[in-house]
Amino acid sequence: MSRVVSVTIRQFAKPLVEGNANETWATASHVAFTTAVGPAHSPFQNVVRLGSLGDGRLRVRQPITVQLSREDARVVATAPEIDELGFGADSSEAIRDLQRAIVSLYFTLRDEEQCLGPDLQRVWRILRERIVATR
């Protein structure tokens, strides 16, 4: 039997999604973790709702769900909706790597919008729904 443990590292007064006062605001180094805790042999896995990309040119309008898992000695941060990965020695490093990858992906897809195939059009649509350029 497993149980769910939620830990919020730091909450900000500003809601993560405008108009939804029940959500919390999270930044690159301050994220809300929800961990499914199961039997001792269960693999490490966390789910993070990413509320910032650590780049002033972009603002997250809707959180991006990120799954953290351990593969050998490294942590993998996966954004399954957009098929993007980040890697690091720990969760923070993997999330930062994923943030950089998402920022790069956003600007690449924006610049190449007219040439995208169906799968990348789907990813670009999701990114446009969740992220807005501030400049």
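Everything quoted here is computed from the prediction, not taken from an experiment. (Residues numbered from 1 in each chain as written. Predicted model: local features only at pLDDT ≥ 70, side-chain atom pairs only at ≥ 80, totals over all residues. Heavy atoms only, no water.)

The next subject is the environment of Thr134. Locating Thr134 in the fold gives a position in the segment after strand 8 (131-133). For Thr134, a relative accessible area of 43% translates into the label partly exposed. Separated by 75 residues in sequence, Thr134 and Arg59 have C-alpha atoms that sit 6.6 Å apart. Leave out the neighbours within four places in its chain, and Thr134 touches Gly56, Arg57, Leu58 and Arg59. Of the polar contacts made by the side chain of Thr134, one reaches the backbone oxygen of Gly56; its length is 2.6 Å. (Helix = DSSP H or I, 4+ residues; strand = E, 2+ residues; numbered from the N terminus. Buried < 20%, exposed > 50% of the residue type's maximum accessible area, 1.4 Å probe, protein only. Contact = heavy atoms within 4.5 Å. Polar contact = N/O pair within 3.5 Å; in protein donor to acceptor, adjacent residues only side chain to side chain.)

Here we take up the environment of Ser69. Locating Ser69 in the fold gives a position in strand 5 (residues 64-71). It is 8.7 Å that separates the C-alpha atoms of Ser69 and Ser91, two residues lying 22 residues apart in sequence.

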